[in-house]
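For reference, the chains in residue letters:
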Amino acid sequence: APDAFWRKLRVGASLDARDTSRGHWHKAKISAVDDELGRVKVHYQGWASKWDEWYQKDSDDLLPPGTETGGAAAAVQAV
């Protein structure tokens, strides 16, 4: 993930996250931050919290919101 992006990861921040079990991208939010270990807990929107996962802040599996899940950026490209 780009340096500037992961430095802004805070509880409640939206992002795209790739799940570790199936490799699918999901809209997600940060539910916890562990600065000591440099990681964030990700909650996949629409999924039970039992599926929440911890990621290193600079993981390639975390991207700005809409990068892989569509959203505003994809809508603009489709026009």
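Just above sits the structure.
Predicted, not measured: the structure shown is a model, and the values here were computed from it. (Residues numbered from 1 in each chain as written. Predicted model: local features only at pLDDT ≥ 70, side-chain atom pairs only at ≥ 80, totals over all residues. Heavy atoms only, no water.)

A.B. asks: I tried to follow the pattern of salt bridges on my own but got confused; where do I start?
C.D. replies: Taken as a whole and assessed by the stated rule, the structure comprises three salt bridges. Notably, a salt bridge pairs Arg-18 with Asp-61, separated by 2.6 Å at the nearest N-O pair. Residue Arg-18 is located in strand β1 (residues 14–18), and its partner Asp-61 is located in the loop between β4 (53–56) and β5 (62–63); the two are separated by 43 residues in the primary sequence. The salt bridge involving Arg-39 is made with Asp-34; its shortest N-O contact spans 3.2 Å. A residue is classified by how much of its surface remains accessible, and Arg-39, at 24% relative accessible area, is partly exposed. (Salt bridge = Lys/Arg side-chain N within 4 Å of Asp/Glu carboxyl O. Helix = DSSP H or I, 4+ residues; strand = E, 2+ residues; numbered from the N terminus. Buried < 20%, exposed > 50% of the residue type's maximum accessible area, 1.4 Å probe, protein only.)

A.B. asks: What's the story with the side chain of Asp-52 in this structure? I'm lost.
C.D. replies: By the secondary structure assignment, Asp-52 is in the loop between β3 (39–44) and β4. This buried residue, Asp-52, is left without a salt bridge; Lys-41 holds the nearest opposite charge, at 4.9 Å. In terms of polar contacts, Asp-52 uses its side chain to reach the side chain of His-43, at 2.7 Å. (Lys, Arg positive; Asp, Glu negative; His and termini not counted. Polar contact = N/O pair within 3.5 Å; in protein donor to acceptor, adjacent residues only side chain to side chain.)

A.B. asks: Which parts of the structure should I look at to understand the sheet that holds strand β2 (residues 25–34)?
C.D. replies: In any sheet, the strands associate via hydrogen bonds between backbone groups, in a parallel or an antiparallel arrangement. The sheet built from five strands is open, its strands ordered β4-β3-β2-β1-β5 with antiparallel pairing. On the outer flanks of this sheet lie β4 and β5, each paired with one strand and no other. When β3 meets β4, the two strands line up antiparallel, connected through four bridges. Opposite Arg-39, over in β4, you have Gln-56 as the bridge partner. (Pairing = 2+ DSSP bridges.)

A.B. asks: Explanation requested: the side chain of Asp-16 in the structure shown.
C.D. replies: Summarising the element assignment, Asp-16 is placed in strand β1. Look at Asp-16: it is buried, it has no salt bridge, and the nearest opposite charge is Lys-27 at 7.1 Å. There is a polar contact of 3.1 Å between the side chain of Asp-16 and the backbone nitrogen of Gly-66. Only 2.9 Å separates the side chain of Asp-16 from the side chain of Thr-69, close enough to count as a polar contact. Setting aside anything within four residues of it in sequence, one finds Asp-16 in contact with Trp-25, His-26, Lys-27, Asp-61, Leu-62, Leu-63, Pro-64, Pro-65, Gly-66, Thr-67, Glu-68 and Thr-69. (Contact = heavy atoms within 4.5 Å.)

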